[in-house]
Amino acid sequence: MTEEIPVDLDALARWMDAKGLGSGPLEDAMLLGGGTQNILLRFVRSGRTYVLRRPPPHLRKNSNETMRREARMLAAIADTDVPHPRLIAACPEEDVIGASFYLMEPIDGFNPTVGLPALHVSDPAIRHRMGLALVEGITALGAVDYLKAGLEGFGKPDNYLERQVARWQAQLESYREFPSWPGPEGIPGVGKVAKWLDDHRPATFEPGIIHGDYHLANVMYRHDGPELAAIVDWELTTIGDPLLDLGWLMATWPEDGARAGAVGVEPWDGFPKVDELVAHYAARTTRDMSHIGWYAVLACYKLGIILEGTHARACAGKAPKETGDMLHASTVGLFERALRRIG
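The structure contained in this document is the topic of the report that follows. Quick caveat: nothing in here was measured; it's all calculated off a predicted structure. (Residues numbered from 1 in each chain as written. Predicted model: local features only at pLDDT ≥ 70, side-chain atom pairs only at ≥ 80, totals over all residues. Heavy atoms only, no water.)

1. Quick look at the overall build of the protein chain
Counting secondary structure elements, the protein chain contains 10 helices and nine strands. In terms of C-alpha radius of gyration, the protein chain reaches 21 Å, essentially the compact-globule figure of 20 Å for 343 residues. In the protein chain, which comprises 343 residues, the share counted as buried stands at 52%. In the protein chain, the proportion of contacts linking residues at least 24 apart, taken out of those at least 6 apart, comes to 71%. Carbon and sulfur atoms provide 50% of the accessible area of the protein chain, an area that totals close to 15700 Å². Looking at the protein chain, you have 35 positive and 46 negative side-chain charges, and the mean spots of the two groups are 3 Å apart. (Helix = DSSP H or I, 4+ residues; strand = E, 2+ residues; numbered from the N terminus. Rg over C-alpha atoms; globule rule 2.2 N^0.38 Å. Buried < 20%, exposed > 50% of the residue type's maximum accessible area, 1.4 Å probe, protein only. Contact = heavy atoms within 4.5 Å. Areas by Shrake-Rupley, 256 points an atom, 1.4 Å probe, with all protein chains shown as cover. Lys, Arg positive; Asp, Glu negative; His and termini not counted. Charge placed at Lys NZ, Arg CZ, Asp CG, Glu CD.)

Shown next, in the form of structure tokens:
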């Protein structure tokens, strides 16, 4: 095997022994690609295939807590109709392999942003249904009673909407620590969008589970048709306003002449328009949809500020300049999209 495996397989095997998860060696260990820096390791033991998920080798301050939260969420939605990776076992402790981790069932599916199988390429009607299935994933997630699912204390729903603008304004200001970053002035309308969000914030909302980064790059589809196989990458999951997941989808959905910051698939023809996504969600929820445009603007604001962080680090030589420039362009595109929405 030429690829170095960043997991102590012997230590993992001993932990699995104690959990009654097979016996003997861990075979066919292989790293899987993904959209995050977290490590995904596929292997076989006693004829059963597992996928291990752990933080990157260079841990961030919250890396282990993120893994523990992901595992808790997957356990909480195990008996729901939300398509997700099936949790097998979790290790919240950090001393087994050097970080918290969990084991899950492999997903039989594909990510559409990497490439579509021949079946999906061949039929615009299949791609249309893929878009509707994507919406159904978050309507199912938003319908879960998080208290009955055992997620009390998982997030802070009190004043969730009121906290958003100030929280992300502070994040943006924190980038001033990076030398040579041109500052918020390099982002069109950043102050105008923040004021509009504060002035038009919905008065109430119904708390529920949020995925937190919901778009086409964070789902997998079935090979045999247009339905979701699983929602993946649960790093940002929390309890808040589930309509923000729909807003996130609206903010990242390709629009004519506004692809910057969008998450697309080739070929794109057949996929629903944004208005159809919103209507499909509305038909499947009891939530108040009258302010859905506000959530789309908040998603543009929040995601744009997150992406700008890499640009700021690149200005200080702490990230590749090409990546920083690309993500700054996405930030500009997101704020331009927000400005079009608010008029």
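After presenting the structure, the write-up continues.
2. Some points on the packing of helix α6 (residues 190-199) against helix α10 (residues 321-342)
Between α6 and α10, whose axes approach to 10 Å, the crossing angle comes to 50°. The angle between the axes of α6 and α10 places the two elements in the oblique class. α10 is crossed by α6, and the crossing has left-handed handedness. Taken together, the residues of α10 that come into contact with α6 (itself represented by V190, K192, V193 and W196) are F335, A338, L339 and I342. Its residues placed into classes, the contact of α6 with α10 shows seven nonpolar, no polar and one charged. (Axes fitted to C-alpha atoms, helices over the stretch in contact; angles between N-to-C directions. Parallel < 35°, antiparallel > 145°, perpendicular 65-115°, else oblique. Left-handed = near helix turned anticlockwise from the far one by under 90°. Nonpolar A, V, L, I, M, F, W, Y, C, P; charged D, E, K, R; others polar.)

3. A word on the sheet that holds strand β1 (residues 27-32)
Across the sheet, which stays open at both edges, the five strands sit in the order β1-β2-β3-β5-β4 with antiparallel pairing between neighbours. Every other strand in the sheet has two partners, leaving β1 and β4 (87-91) as the edge strands with one partner each. Recorded for the sheet is a direction-independent mean angle of 20° between the axes of neighbouring strands. Inspection of the sheet shows β4 paired to strand β5 (residues 101-104) by four bridges, in the antiparallel sense. When the bridges of β5 are listed, C91 appears paired with F101. In this fold helix α1 (residues 9-19) packs onto β1, β2 (39-45), β3 (48-54), β4 and β5, with an angle of close to 60° to the strand it touches most, β2. (Pairing = 2+ DSSP bridges.)

4. Structural notes on the pattern of salt bridges
It is possible for side chains of opposite charge to pair when their charged atoms get near one another. All told, the structure shown has 18 salt bridges when counted by the stated rule. Here R129 and E227 are joined by a salt bridge, their closest N and O atoms 2.8 Å apart. Here E227 lies in the loop between β7 (219-221) and β8 (228-231) and R129 lies in helix α4 (residues 124-142), a separation of 98 residues in the sequence. Using a relative accessible area of 22% as the deciding quantity, one classes R129 as partly exposed. The class of E227 is partly exposed, set by a relative accessible area of 31%. Each of R53, E70, D233 and E235 takes part in one network of salt bridges that share partners. (Salt bridge = Lys/Arg side-chain N within 4 Å of Asp/Glu carboxyl O.)

5. Section: unusual backbone geometry
With an omega dihedral of -5°, the bond running from E266 to P267 counts as a cis peptide bond. For P267, the position within the fold is in the loop between α7 (243-252) and α8 (274-282). Positive phi outside glycine occurs at S180, with the angle close to 75°. You can see S180 is positioned in the loop between α5 (160-174) and α6.

6. Focus on the layout of surface pockets
Regions of empty space are outlined by a rolling probe, equal in size to a water molecule, passed over the atoms. One number sums up the size of the largest pocket: a volume of about 2200 Å³. Lining of the largest pocket is provided by 50 residues; of these, R60, W168, E235, L236 and I306 occupy positions nearest its centre. Only α2 (63-76), α5, β9 (238-240), α7, α9 (292-315) and α10 provide two or more residues apiece to the lining of the largest pocket. Considering only residue class, the lining of the largest pocket consists of 19 nonpolar, 20 polar and 11 charged. (1 Å grid on protein atoms, 1.4 Å probe; cavity = no way out; pocket = protein on both sides within 12 Å on 5 of 7 lines; lining within 4 Å. Points joined across faces, edges and corners; volume = space filled by probe spheres on them.)

7. Here's the deal with the packing of aromatic side chains
A full pass over the atoms with the stated rule returns 10 aromatic pairs. Ring geometry for W268 versus F271: centroids 4.4 Å apart, planes at 15°, classification stacked. A single burial state applies to W268 and to F271, both of which are buried. Each residue in the set W253, W268 and F271 is aromatic and connected to the rest through ring pairs, giving one cluster. Above the ring of F154, the side-chain terminus of R69 is found at 3.8 Å from the ring centroid. Above the ring of W168, the side-chain terminus of R167 is found at 4.0 Å from the ring centroid. (Phe/Tyr/Trp six-rings, centres within 6.5 Å; stacked < 30°, edge-to-face > 60°. Lys NZ or Arg CZ within 6 Å of the ring centre and 35° of its normal.)

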